[in-house]
Each structure stands twice: as C-alpha cells, then as structure tokens.
4 protein chains.
Amino acid sequence: MHQPHFGSDNASGMAPEIIEALARSSAGGVDSYGGDELTHDLDERFGEIFETDVCVVPVGTGTIANALSLAFLTPPWGAVFCYEEAHIVVDEANAPEFFTGGAKLIGLEADHGRLCPHVLRRAAASMDAHDVHHPRPSVLSITQASECGTLYSPDDVRALGDTARDLGLAVHMDGARFANAVAALECPPADMSWRAGVDVLSFGATKNGCMAAEAIVVFGDRRKDVPILRRHHKRAGQLFSKMRFLSAQLDAYLDSGNWLAWARNANAQAIRLADGLQEIEGVRLLHPVDVNEIFLEMPLAVFERLKTTGFGFYPIQPTGKETGAVRLVTSFNTSPDDIDRMVAAVT
Amino acid sequence: MHQPHFGSDNASGMAPEIIEALARSSAGGVDSYGGDELTHDLDERFGEIFETDVCVVPVGTGTIANALSLAFLTPPWGAVFCYEEAHIVVDEANAPEFFTGGAKLIGLEADHGRLCPHVLRRAAASMDAHDVHHPRPSVLSITQASECGTLYSPDDVRALGDTARDLGLAVHMDGARFANAVAALECPPADMSWRAGVDVLSFGATKNGCMAAEAIVVFGDRRKDVPILRRHHKRAGQLFSKMRFLSAQLDAYLDSGNWLAWARNANAQAIRLADGLQEIEGVRLLHPVDVNEIFLEMPLAVFERLKTTGFGFYPIQPTGKETGAVRLVTSFNTSPDDIDRMVAAVT
Amino acid sequence: MHQPHFGSDNASGMAPEIIEALARSSAGGVDSYGGDELTHDLDERFGEIFETDVCVVPVGTGTIANALSLAFLTPPWGAVFCYEEAHIVVDEANAPEFFTGGAKLIGLEADHGRLCPHVLRRAAASMDAHDVHHPRPSVLSITQASECGTLYSPDDVRALGDTARDLGLAVHMDGARFANAVAALECPPADMSWRAGVDVLSFGATKNGCMAAEAIVVFGDRRKDVPILRRHHKRAGQLFSKMRFLSAQLDAYLDSGNWLAWARNANAQAIRLADGLQEIEGVRLLHPVDVNEIFLEMPLAVFERLKTTGFGFYPIQPTGKETGAVRLVTSFNTSPDDIDRMVAAVT
Amino acid sequence: MHQPHFGSDNASGMAPEIIEALARSSAGGVDSYGGDELTHDLDERFGEIFETDVCVVPVGTGTIANALSLAFLTPPWGAVFCYEEAHIVVDEANAPEFFTGGAKLIGLEADHGRLCPHVLRRAAASMDAHDVHHPRPSVLSITQASECGTLYSPDDVRALGDTARDLGLAVHMDGARFANAVAALECPPADMSWRAGVDVLSFGATKNGCMAAEAIVVFGDRRKDVPILRRHHKRAGQLFSKMRFLSAQLDAYLDSGNWLAWARNANAQAIRLADGLQEIEGVRLLHPVDVNEIFLEMPLAVFERLKTTGFGFYPIQPTGKETGAVRLVTSFNTSPDDIDRMVAAVT
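Note that the structure is a prediction, hence the values are computed from the model and not measured.

Draft legend 1. Geometry of a negative patch on the surface. Judged by side-chain charge, E84, E85 and E109 of chain A together with E84, E85 and E109 of chain C come together as a negatively charged surface patch. One can find E85 of chain C in the loop between β2 (78–83) and α5 (87–90).

Structural data, given as structure tokens:
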C-alpha cells in the first residue's frame, strides 16, 4: 500500500483516463510537431469550455507556460506586477526574466495571496509609462487559485482586470490550479478568465491528473499575435516532436468533465483534512482553505509526530520558534482513507 | 490499417514497453521535481551503458537538449562550430543563440554531413581566442548520426575530438539518433562519445520509441559543473514536476537492450526501403544510407506517384527542375510490410 | 548669463581641466580600442587613489557601469539585493536584467536610502541558495552617496559588507556620486570601498565635471576574472575605438585632487542652498543633506514661485495635495551666486 | 613630431572643429539625457543632409550603432544576411546576437566585400519565413564603404534594396565609413541610403574626426517605431546623461561640409599611399582602393622594413608563407608628408 503524499499535487501520478489516452493516441503514424488531429482540435475543444474563440499552445511545464505567456505580453523593458510571493517570483529560477528578455517583476503585498486593485494602482502610478528611464508598466499577473490556496471571486478578478485595462496593462492568469478554482467557485470558466479581463491563461493540467501538459490559452484580440507566441514556443524547445501526446492528455482531461471531477475530489479531501487536523489542540490554519492546499501551524510535538509518519509534506517557515508549519496538498486521487490515516497518525 | 508514415521517425508513436513503463511508474506518491527513485537512478543506469561515471539531466525535446548543452559549454561571446546544415543551425528557431545568451554558430562545409578536422582547424584559426573583438572559439558540435543520415566512425569522432581539444574547444554531440548510430556501428557507446573526446551528449530517445524524453549526458571533468547545468535546466522550464515520467521512459528505453533493438529495426527497414526504391529507373541516393534516413532524388513521374500514395514523406529541394527529392525515415516500429507497400506503390 | 540649473548635476557641462585634457590627448596617432598609454596607466592611477591593486574598465554611462558590474557578479539566475528605489531598479529601463541575462533585483526597504544588515539578512534568508527553484542570492548593491542624498559611514558599509560575505553575496557599490561621498566623509576611498568589503565599484565622474566617463573598478580576488568583464564590455559596445578620450577624462579627473575639489564645491553649495531655502516658511527637508542633493517639500505658493524662476529643478511626488516637492542638485561649478539668486527668487 | 599611424582611422584624434564644439557646448546648464537643444535639432540637421524626414538616435560606438539597429529590425528568431567577413560577424564579440536576443547572422560570400542580389536571394530561399522551425529571414545588412575598402554604387545598393524588399527583409547599412563613401561617389547621401531602400543607417562619425559619436538614422515608415528604438537605446546604457556632447560632435561634423572635406582628404591620401607603395617590386593590392583603406600583400623583405618604421599598421593573414600582408588606413588628418615618409621608409 502506498503512503499518502501531501507534499504537492505533483507528487501524484496520472489518472487512468490519461494513461489510456496516451496509449490510444500512440497508434499509427501522424505528422509530427503538432501536425496531428488532436493538436489541431485543441482550439475548438478549449473554445467550448470557455464559450469563446481561443488559441491554445500546449507546453510541458507550468514554469514555461508562465514564462512564455509573460514573454508574449511584455516588452523586455516592461514591468510585471504580481504578488510578492508569486510562483513566478520565488519558484521559477528567473525563467520569467529570461524568457521576456529582462522584464522586471514587481512584487506587491497581498492579503492571503490575493492582490487588490488599490495596491496595483499605486505601484503602477510610481512609473511613467512614457519615460524611457522607467520600466514600462505592462502586465498584471494573478494566480488563481492563489499561492496561499485562496480564491479570487469572479468579481475580484474583474475588478483587477478593469484596473489593469485602465492602467494599460495586459492580464495574465497563472492557472496552475485553475481546475480547482473552477470546481470550488462553481462558475463558468469564462467568468473567471476572459469575461473578467484575462488576456492569457496558463491553464494547468499536470497537477490535477495529467502527466506533463499545460496549455497557454489566448483570448480575444491577443489571438491575432499568436504567430509570435508560436515562435517563442518553438525557440523555447516546447514544440514537442510527438505533440500528439500532449494534446491527448489535454483532450482526455477536458473529456466528460474529468478535470472538474478530479479537482472536486482534491478540494473535498482538503476540507476533510483541514477539518480533521484542526481538531488537534494548537493546530491552526494560516490561510482559508478554498481549494486543495492547506497551510497549517502546529505545536512542535504535532510537527514531530507528522515527521514520523513518513507521509509526504512540505515544511514552511513557522511564525515562531515554538511551532512547526507545513503546506499540505491533496490531489485528484487522494482518498478519504488517505486523509483519515493522516489525521490519525498525527492526532 | 494505418498508413505507413516515412515523414520522420517522430511520426511514430510509443513502443508498448514505454507505455507500460509510464503506467507502472504512475502508481503512488513520490517526491516531485526529480526527487523520485527513477530519476535518482539515471546516472547509474547511463553509467553502465557508457562504462564510466556520468551525470544525466532529462529534458523533453531535442531542441532543448541541444540548446542547454551548448549553453553549458559556451560563454555568450563564444563561437560554436558545426555543419552548416546542422539541426541547431537550420531547424531550431535560434534556440541555441537564445539559451547561450547570444553565442554565434559558425556553419562549416561537410561531406555528406560529416565535418572534417581540417575545415574545423581553418575556421578556428580565423579567430583569435584572446581578442575581445572576436567570437571566442568555444565548442565543436557534431551530429551522430549526421543530418544526412551518415555516420562518423569512432575514429572520425576521435580525430575531431583531438582537434577540438587542441583548439581549446569543448565537444558536443547531437545524438538525436544516437541509438541508430550505435546499432549500425556495433561499437560500445563509449567509443563514440567520451573515449573519442565528447564532453556532452544530447542522447535522443523520443524518435526511437519514446514519447518525449531526451537526456543530456555529461562526461568527465565537466560533471563538476553540472550544478550550473541544473540551473539552466530549471530556468528553461525543463524540470518537470512529475519528472518520474521522463525517467521512466529513459529507464525502459535502456532496459533489456530495447533501444538498440528498436534502432536496429529502423536501420534494417531503411536499407530494405533504399534497396527497393533504387530498383526504380532514375531513382538515386543523395547520401549513403548508414542508419534510418534515406535521401532520394527521383524522376518527376515517380515523385507524383509518391504523392498519390498518401504515405507520409518529407519533400526536400531537388537539384534540378526535372526531378523531385525526398527524405524518408524509418522508425522503431516500421515493418517490412510497410516497406513493401511503399515500394509497390511508387514502382 | 546662464540660468542656474538644479535639475541634476548632469545638467552641468565639463570642467575646463577636462576640456583641456581632451584637447591635449587628441594629438598624434595612438593604438585604438584601449591600446593607448593613458588607458594602460589607468590601473596604476586608480591603484594610487585606492591604495591597492585594482583593475579599471572605463565606460560611457552610469547605467552601463552598473549593468556590467552586476553582469560580472551575478549568474543569470541570481538575485541582487538593493534599495527598492535604487537607480538600478527604477531608472535604468531594465538594463541590469538585460545585461545579467535575467537576474532578479530584490528591492528592500531602507531608511533615507540606506540599507541595513538586518533587512538584507531577512531577505536573503527567504531563499535557499542551493534550491534550483529559487533565485540564487548573489549580490548586494548599495549606492554611495545614496539615492536620497544621504551617506553610509565607512562603518555602515563594512557592516553591510560583512553581512554580505556571510551570506555568500558579492558587493557592488553604485558610486555615481562617489566623489561627493569621499569629499563629505573625508575618509580614504579605500575605507569606503574594498576595505569595507566592496568587490566592484561603479566609479562615477560624469556628474562631477567630466563629459562622459565612468570607471568600473574591480578589487581583490575578483580581478582574476576581469578578462570575462572585458568580454562583457566589448559586447556591450563600450570598448570605445578612441578609448584615449575616456581615459584622458578619468586621468584629469583624478589629477591634482580635482575630483575632490569639485565635489567639495558641490557639497558646500548644497548646504548653502538648503540653509537658504529652509529659511522660507513651510519649506522642509525630506532627507538629510549629506552631499549635493536636496529633497524638499514646500507650500504650493513657494512651488509656484520656483516654477516661475526658469531655473532647472526636478519635481518629485509630494506627500500631500497642499504641497509641492522637488529634488535640487548642485554641481562642481555651481557658484554661491547661483545659490543666492535661487534663494532670492523663491523667497 | 608624431609618427604616422595607419593602423586604423580610429588611431587618429579629433578634428579641431570638434574640440571647439565640445568646449562651446559645455557652457551653461541644460536638461540632461537629451533634453538639450543640440540633441533636439539633430533630426532636422540630418534631415537636411538626407533630403527627407529622419529620426536620429546618437550613440557612442559603432558596435552599439549596429547592434541596436539590428535589434530594432529583427525579431530574436530572425536571420540577418550579411557578408561573411562583415564587422558585425567577426569583430563585435557577438553584440548583434546579444542585443537582438539571439538573431542569427548568416554570412554570405561577397566579391571584395560587396554582396550581390543573387547570393542573397539563394540564401533567403533556403528558409521558409512561415515555418517556426527556421530562422525567419528578416534583415539584409550591408557595409558602405565595405570591409574590403570597396564601394557599392547607388545602383548596387538599390538592386540589393529591391531584392531585400521582395524577400520581405529590412535593410540596414553599416556606414562606419559612410562619409568616405559619399565623398568618393560624389552622390547625394539620399541616393546611397533611403532612396536605394535602406531603412536604418549606422552613420559613423568617430573614425572621421569625431571623438565618440555615431548616429542611428531611421528613414521612412520605420520612424513610427522609433519609440521602441529609444527603449533599446536607454536599456543599452546609450542615453548619455550629458547627451549635448554627442550632439555637439554630430552638429559640428555636419557643419560647413566638414564631414565630406575630412573624408575627401582621407580618400585622397589613401590613393597617394597606394600609388606610392605599388611602385615597390612585388607589392600588390588585394582589393581596389575606393576609399581610405588599402589592403596589400608584399614580399617578406618589404614587410620587415615596414615593421622597423614604427609606424602603425594592421597585419592581416597573407595568402602564402613567402609574403606579408597588411591593412593600412588613412584618416581625416593624414598629411601628404605622412604618406611620403611611409613610402620612403619601406621603399
């Protein structure tokens, strides 16, 4: 029996439907480098989900999805506004700076990972968009679900989108856990993206049951510039020769509502886990649990028990010396039994 | 029944052994970003094949394998010597220039795609390595099997490696079809790589039965700088979160001699195809057929018949207006029957 | 009669000694690209000033001096810690990101522009230098005199230098107004630079009486890597063909203590100006006046009078709506009469 | 008495008119970073010379003039066609690759440094502009006067310009010795530039009597994108704080036909030198002498005498072991006496 692993949703494998899709799509010879039918159909497939015409560019990792999205939206002398602890700032080894040719990421304060229009407006106001000395305000990048496991409501996103438009900024959404957000908010994907002002979405699938597949989804007027994005894409080494296998994953992911069903499970298990652990004396949540990530602080004794379980978890910086702190993440295939074993082990 | 597709070995799918390896490795939770056992064991796995200690960094495409290998070996002001029609020159959308920070690729003439020491020496001599105005001669990049489907013998590689060392150049080998080369030459992989002076190898697996897996293999003293390569790797968006799936492919690829068995089939079918097509009046080979690529020129009537087959092929520039020219590539799962159907269809 | 211009020390022309040096050095044919004697002697010239062996690389602007210094000290995946309003962050159009190949500038809070070791330590602690996901903590960049016109004491610099060394960071000093700092502190240049832990100094001369000449000064062990800096330098288009003219400026600048005499005048006039303006009801300093920059807030009526003078000044963001705010900068050739005219005009 | 120096026109100093202009423009305080009147007037000044509206961006070196011009004209995935021995290929330390973000320079064969439309057309035809795998054909860069000291006639330029337009390429001219070309051809500058299809010109002044001043001159429709060029310019560290001094040089250079008078002298002395040296047994020209550069091959005995003169010269690769070869360059202030001393010394 496998040990539960709450270190990341990336610790999980593939959903059986994805394996089957890979096997199925392997048959026969097809044109390489995206000349296959599955890849050709992606625009339409995603268009149905988003209720509008979109352009879809599949890539292999979330880091590159973000980096190429930003490279598409900002000039090298641009400024990208984002949460100061955003994944693009702290966890991508300067890939955004590299692929944009040197754009500057401006980290902003945010409440539980959620930016607010006021802080954005103030930051952008400190730069003159027409002064060649200054970085040129170019992009707002928000993460949905956020790095703290919280959610923007569609209204929150729209308020940020409106502010961005007003400031002349393009809007990028890092949707590494987009499915978890849609599943939790129970809103149409469109409401959380293009209808709220998002120009380009890093649509994640890997964390939620795929093997290695993310999609850069381009909305609205930006679609006419997608040939430029395709140059970035090829030059980044992301035009996979057997592209059918990325497309097969994305296709199966969206099929029959798989993506939302898997995300719903992850979200539900996170609540179950948070509920269970909060029963323990001294354990407290650092952020609300809106999707499938739980940030917890706990007495050292509990922390020590956690370490002895052998279950995967991700330690984070505690606020004091008397406590331990962790991030726990559930995934598409986390079972209630996994949760119960975890809760029992540390209680 | 699927149509044979000779457009590229990338037109083929995965070998069943690879699909099984993916399914098998999907079970259970493991540390992400390469913290899993399969990834951990890669160095040892490749070390056995190459009969020496190596460092292995898995990536998703051949373009990025080459680009990161070069970025690892040349400073931004460096010059990389290679065949003027090398893949890195004509087919990678300036990825080498981008990832190296602006190194210059110096295309050299080569006989059927095989560089010779004399031409290399002359080109390097035109630059002064100590003059800041000049590009600094830094890397020799050779392709084995070559872009013309020909092979360097181990002695050829060693002669180039010795010349490179003498000129102060590192040696990179683009081994997108390394397996086909080893299978054809029936020599130890070591003889064609580090023993012959190769510092870094782009070891291809995708074209020969994998889904999307290539390995950057670092030999000898360069291994001590691999932490720098790992930064390039992460920054390029190539540190896959579910890295186990790249490693599982590479592991199964090397298992039980699969890689060589598959390459042997591709090579054998190429000979069968070349033999069959050469029976046709006016058809002639443009290059020797050393591995699994065939470059042919043919009368226009034959070319027209080829087009009506619906079988995949890759048209190339003919030498005159009275002929057509194509590249045909066989793969790990090309069958004798595929060949015979092709030959019959165009005869 | 020329109008006083307090918009910047860059608003001033050249000192007569610099013009004479240019004219004098123009005679005769000399080797280009730095092969001349004046350039050759720079290391020794600066070595005397700094009481140690140094390597000097002359460039044309302060922006490039900073950008190349940082490119020399950080890998592309590095993090550079600096004041959040540092010139390299807000006024150089992402040149640091560009020339470093994508390093990340981490803006820190600072009291009147002066960083403190505690804030630096906390920021660096949030990144793991060995984790490939994170930007790698690489450089501390401080500005002396600071962007607020204040000074670090030699002890302040040393405390920062010690902290940086402890954290594995190289230390860069942006000395666009280094002369003003030395003149004000009356300390040996060595005490404010290499003895305090500075590895590379952007030594400014343009603002203080030169035409266009800055020097990148490399101290200590870093000197052995200067050949790499020289490649950056050439590649950046900074190896001037008639390099003698940059060197002639730097030579005359250091000659007979010119640089300090000119800086002393600028500093003295700044105090005179600050004193005079503070006599006016409601005018207040935003920062201490340590060198030649004055940051002032004033009643709107005074601000309006200032605008009618026609004298150059640099408006900045006032703290409220009832006031105006400006930066005023004195220079090597500001006269007491200039000051008196200014004070009289706005009083 | 100074020794004649024929190593480069960069070996010469400044013309007295340039020194005077620098001194004159130094008076008074003016807005920095190009806010001064001299800089403001440059567009008009150059517009008169070129008989059309132009945008002028002054820079400090020829390398950066070329690099920024190319960065302005090609995307990072572009291909730039040029002579295989062009300055941008062999003498600029990969600056073009760096500033363009990785564009590829495609070196073409050329007769005495002059490209021909046929070779250009063939090279461009080998790439498919719409195929993301290929470098995208983007720019033709020609050097006038050429790297071999030869000239394109206005008709030659127009033929290349027409071909480039037909191929969808922008046209850049490296005019490091543009004045020498105009002086020799006695044609309107317009005929050799925008009327012949040139989009952007690196207009050199440094070699021909200035201190450090080159101008990027943008013609026609490209002018509307100049705000982008200005971002490149600032980010490259080329927006000099005391920009008036670059502008003053360019202003004085164009004043009263100085630039052409100086170039005419250099050209005339080159002819005198070539004539004198060819009188010597065994000395022969490697290229026609169209402007102020002479490429000579000579018996070893003559070469040895040349070395003993102490006069500056630039050795180049001889064609055989029995000869020496040199480049000699005359400049704006080379005197007939310098020539005669040289000829006498080696005869």
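Now, onward.
Draft legend 2. The environment of F72 of chain B, seen in detail. Residues and elements named next belong to chain B. Structurally, F72 can be placed in helix α4 (residues 62–73). The class of F72 is buried, set by a relative accessible area of 12%. Placed 158 residues apart in sequence, F72 and R230 show a C-alpha to C-alpha distance of 9.6 Å. Filtering out sequence-adjacent residues up to four positions away, F72 remains in contact with V200, V218, R222, D225, V226 and L229.

Draft legend 3. Quick look at the packing of helix α13 (residues 300–309) of chain D against helix α14 (residues 336–346) of chain D. Residue and element names in this part refer to chain D. Interaxial distance between α13 and α14 falls to 8 Å at its minimum, and their mutual angle equals 130 degrees. Taken as axis vectors, α13 and α14 run oblique relative to one another. Remark: the crossing between α13 and α14 carries right-handed chirality. Across the interface between the two elements, V302, R305, L306 and T309 of α13 pack against M342, A345 and V346 of α14. Taken together, the residues that form the contact of α13 with α14 break down as five nonpolar, one polar and one charged.

Draft legend 4. Focus on the pairing of strand β1 (residues 54–59) of chain A. All names here are of chain A. Across the six residues of β1, six count as buried, placing the element largely inside the fold. Of the two faces of β1, the one lined by V54, V56 and P58 and the one lined by C55, V57 and V59 are each fully buried. Where β1 lies against strand β7 (residues 214–219), six bridges are found, and the strand directions are antiparallel. Paired with V59 across the strands is E214, a residue of β7.

Draft legend 5. Looking closely at the interface of chain A and chain B. Chain A puts 50 residues into the contact, and the matching count from chain B is 50 residues. When the area that chain A buries against chain B is broken down by residue, the three leading residues are F98, R235 and K242 of chain A, summing to 19%. Along the contact surface separating chain A from chain B lie zero salt bridges. The tally of links from chain A across to chain B stands at 24 residue pairs in polar contact (both at pLDDT 80 or more). Broken down by secondary-structure element, the contributors of at least two residues to the side of chain A that touches chain B are α1 (16–25), α4 (62–73), α6 (95–100), α10 (226–235) and α11 (244–254) of chain A. Grouping the constituent residues of the side of chain A that touches chain B by class yields 20 nonpolar, 21 polar and nine charged.

How each quantity is defined
- Residues numbered from 1 in each chain as written.
- Chains lettered and ligands numbered in written order.
- Predicted model: local features only at pLDDT ≥ 70, side-chain atom pairs only at ≥ 80, totals over all residues.
- Heavy atoms only, no water.
- Patch = residues over 30% accessible without salt bridge, like charges linked within 9 Å, V, L, I, M, F, W, Y side chains within 5 Å.
- Areas by Shrake-Rupley, 256 points an atom, 1.4 Å probe, with all protein chains shown as cover.
- Salt bridge = Lys/Arg side-chain N within 4 Å of Asp/Glu carboxyl O.
- Lys, Arg positive; Asp, Glu negative; His and termini not counted.
- Charge placed at Lys NZ, Arg CZ, Asp CG, Glu CD.
- Helix = DSSP H or I, 4+ residues; strand = E, 2+ residues; numbered from the N terminus.
- Buried < 20%, exposed > 50% of the residue type's maximum accessible area, 1.4 Å probe, protein only.
- Contact = heavy atoms within 4.5 Å.
- Axes fitted to C-alpha atoms, helices over the stretch in contact; angles between N-to-C directions.
- Parallel < 35°, antiparallel > 145°, perpendicular 65-115°, else oblique.
- Left-handed = near helix turned anticlockwise from the far one by under 90°.
- Nonpolar A, V, L, I, M, F, W, Y, C, P; charged D, E, K, R; others polar.
- Pairing = 2+ DSSP bridges.
- Buried area = accessible area lost by both parts, 1.4 Å probe.
- Polar contact = N/O pair within 3.5 Å; in protein donor to acceptor, adjacent residues only side chain to side chain.

Read these as spatial facts, not as claims about activity.
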